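Chain residues, written in single-letter form:
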Amino acid sequence: MFDNLSEKLQRVFKNLRGEGKLSAENMEGALREIRVALLEADVNFKVVKQLIEAIKVKAMGEEVLSALSPSQQVIKIVHEELIKILGSHESRLRFANEPPSVFLIVGLQGSGKTTSTGKLARWLSRNGHRPMLVSVDVYRPAAREQLRVVARDVGQPIYEGTAEEKQPLELTKSARREAVNNGRDVLLVDTAGRLHIDDDLMTELQQLKEQLNPVEILFVADAMTGQDAVKSADEFHKRLGITGIILTKMDGDARGGAALSIRHVTGQPLKFVGIGEKLDALEPFHPDRAANRILGMGDILSFIEKASEQIDQKKAVEMQRKLIDNDFTLEDFRDQLKSIRKLGSLSSLLDMMPKVGMLKDLKDAKVDEKEIGRVVAIIDSMTPRERANHMIINGTRRRRIARGSGTSVQDVNQLLKQYAEARKVMKSLSGGFMGKKLGKMKLPAGFPFDFPGMGR
């Protein structure tokens, strides 16, 4: 996310560093380039105007122009103003004093409401809550069945209603009673959507709001639609009074215009972002971390949080010892790959890394998600003895492993070569010269992703 904008802003800052000393003239040029970069990223023009004016007032001050490191001062100013536009601080969900807290999930058809409802239920259950779901989309064929499948996949209960309950108000009334009886503290109401905003839709949502008195009305928007998502969010807010926004498909939006505009235009916070199709691919939105990503600083905090949720700490310590002692086996290698897969797609993980220093080429990394699956299949086809000692894997064994994993002997050979080279690298790093060796390190050929300029 934000890839295009991040790349252009970094180019502007690089040019500023080349100036040595800032002046009003080259600062004007930089602001002009920042304005163009924001507009090309599909940021709302009113937001761009306010952002540029705020940066200009601070950046053209005598303190910045005469600073020893003026370009860094400008980066700091842009960072601060981006955070203000994005929301200053994380906006948390609100909950009712007396459960169940009702969350009304609204939005246009095709924005991802149903999937987001399931993702939110999963996130709530992992954070100490007991959610229940209900669909009141009685118009679209199979809409309620779709939510039932999603609820099953995230392991949370759904109120399906009776044959007599055919109207949204009837369904929600019974669903709330069911939630109370079953000790559920949050009721997620997946509402109907339309291809466009119409009076019938808004009237129904207003009736649901009056009956349910929800603590949260969350508008689900598709980030890929850019300013259309911002416009529809604003319309929903004017007519319904939304309390927050869930922006879906952020992993596919390289521009980021909707994320940068939606809070400023609606006045309501961006609370969650969808970063993939999997049902755990939903993250709370942190304005400061988003600003870091836009400026190429990465999002190490989110990476650490994700890793701490998925990775067994005892196993991690044991693996660290094995790596230092150069004692890790093919089974350990496989377990590490499985741990990486739990963290999400390689693309999303690389997106969290800072784009500076030796990691500056991460944006150009070519990711082959299927490669990890092939490697795991090959190792799974080995016997325990073979995984413990790769030296015993001869030609006959390699052919058997290839047949068992549905790969070729060449694939098996390549994996064993990667593994042997990785062991050599770890052995050299454990010799006490890690700093010198790390800069010269080349990734083994055929590694799941390539870094331009670093070998493979």
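Along each chain, residue indices are assigned from 1 in the same order as the chain's sequence is written. Local features in this predicted model are restricted to residues whose pLDDT is 70 or higher, and side-chain atom pairs enter the listing and the counts only when it is 80 or higher, whereas totals over whole chains, interfaces and linings include all residues. Hydrogen atoms and water are omitted, and side-chain values are computed over all heavy atoms in the structure.

Trainee: What should I look at first to understand the overall build of the protein in this one?
Mentor: Working definition: helices are DSSP H or I runs of at least four residues, strands are E runs of at least two. Numbering for both runs from the N terminus. Helix and strand content of the protein: 21 helices and 10 strands. The criterion used for residue contact is that any of the two residues' heavy atoms lie within 4.5 Å. Contacts spanning at least 24 positions in sequence make up 73% of the contacts within the protein whose residues lie at least 6 apart. Here the protein has roughly 22700 Å² of accessible surface; of this, 51% comes from carbon and sulfur atoms. Using the Shrake-Rupley algorithm and a 1.4 Å probe, accessible areas are obtained, with residue cover drawn only from the displayed protein chains.

Trainee: Help me understand the confidence of the model for the protein, please; the structure alone is not making it clear to me.
Mentor: Close reading of the predicted structure is inappropriate where its pLDDT is low. Across the chain, each position has a pLDDT score giving the predictor's confidence in that residue, from 0 to 100. Chain-level statistics for the protein give a pLDDT mean of 79 and a share of 75% at 70 or above. Here residues 432-456 scores under 50 on pLDDT; set against residues more than four positions off or in separate chains, the count is 47 contacts.

Trainee: Explain the sheet that holds strand S7 (residues 270-274) to me, please; I cannot follow it from the model alone.
Mentor: Where strands meet in a sheet, backbone hydrogen bonds hold them as pairs that are either parallel or antiparallel. Only strands joined by at least two bridges in the DSSP assignment are considered to pair. Spatial strand order, S3-S2-S4-S1-S5-S6-S7-S8: 8 strands in an open sheet with mixed pairing. For this open sheet the edge positions go to strand S3 (158-159) and strand S8 (282-284), each flanked by a neighbour on one side alone. Pairing of S7 with S8, which is carried by 3 bridges, proceeds in the antiparallel orientation. For Val273, the partnering residue across the bridge sits in S8 and is Glu283. With axes taken as lines fitted to C-alpha atoms, and helix axes fitted only over the stretch in contact, angles between N-to-C directions fall between 0 and 180 degrees. Most of the contacts of helix H8 (residues 168-181) go to strand S2 (residues 131-135), to which it runs at about 165°, and overall it touches strand S1 (101-106), S2, S3 and strand S4 (186-190).

Trainee: Looking at this structure, how should I read helix H6 (residues 113-126)?
Mentor: In an α-helix, one full turn covers 3.6 residues, which means residues spaced three or four apart are oriented alike. Taking 1.5 Å as the rise per residue, H6 with 14 residues should run 20 Å; its terminal C-alpha atoms sit 20 Å apart, in good agreement. Relative accessibility thresholds used throughout: buried, under 20% of the residue-type maximum; exposed, over 50%; partly exposed, between the two (1.4 Å probe, protein chains only). Of all 14 residues in H6, 10 are buried; the element is thus mostly enclosed. Taken as a whole, H6 has its buried residues at Lys113, Thr114, Ser116, Thr117, Gly118, Lys119, Leu120, Ala121, Arg122 and Leu124. Here the expected length of a helix is defined as 1.5 Å per residue gap, with one fewer gap than residues.

Trainee: Is there a simple way to explain the environment of Gly244 in this structure?
Mentor: Structurally, the position occupied by Gly244 is in strand S6 (residues 244-248). Overall, Gly244 belongs to the buried group, its relative accessible area being 0%. Apart from residues no more than four positions distant in its own chain, Gly244 is found in contact with Ile217, Leu218, Phe219, Gln268, Pro269 and Lys271.

Trainee: What should I look at first to understand the nonpolar core in this one?
Mentor: The tendency in soluble globular proteins is for nonpolar side chains to be buried as a group. Leu38, Val106, Phe236, Leu247 and Leu260 are the most contacted members of the largest nonpolar core, which totals 72 residues. With 8 residues, the single largest contributor to this core is helix H5 (residues 70-86). If we skip the residues at most four places from it in the chain, Val106 touches Lys113, Thr191, Leu205, Ile217, Leu218, Phe219, Val220, Phe236, Leu240 and Ile242. Residue types Ala, Val, Leu, Ile, Met, Phe, Trp, Tyr and Cys, when buried and joined through side-chain atoms within 4.5 Å, form a set referred to as a nonpolar core. Membership of the second largest hydrophobic core comes to 18 residues, among which are Leu133, Ala151, Val186 and Leu282.

Trainee: Would you mind going over unusual backbone geometry with me for this structure?
Mentor: The phi angle of most residues is negative, glycine excepted, and most peptide bonds adopt the trans form. Along the chain, Pro99 connects to Pro100 via a cis peptide bond; the corresponding omega equals 5°. Relative to the helices and strands, Pro100 is located in the loop between H5 and S1. Residues other than glycine seldom take positive phi values, yet Asn213 does so here, at roughly 50°. Within the secondary structure, Asn213 sits in the loop between helix H9 (199-212) and strand S5 (216-222). With relative accessibility at 63%, the residue Asn213 sits in the exposed group. Positive phi outside glycine occurs at Lys249, with the angle close to 60°. Tracing the chain through its elements places Lys249 in the loop between S6 and helix H11 (257-266).

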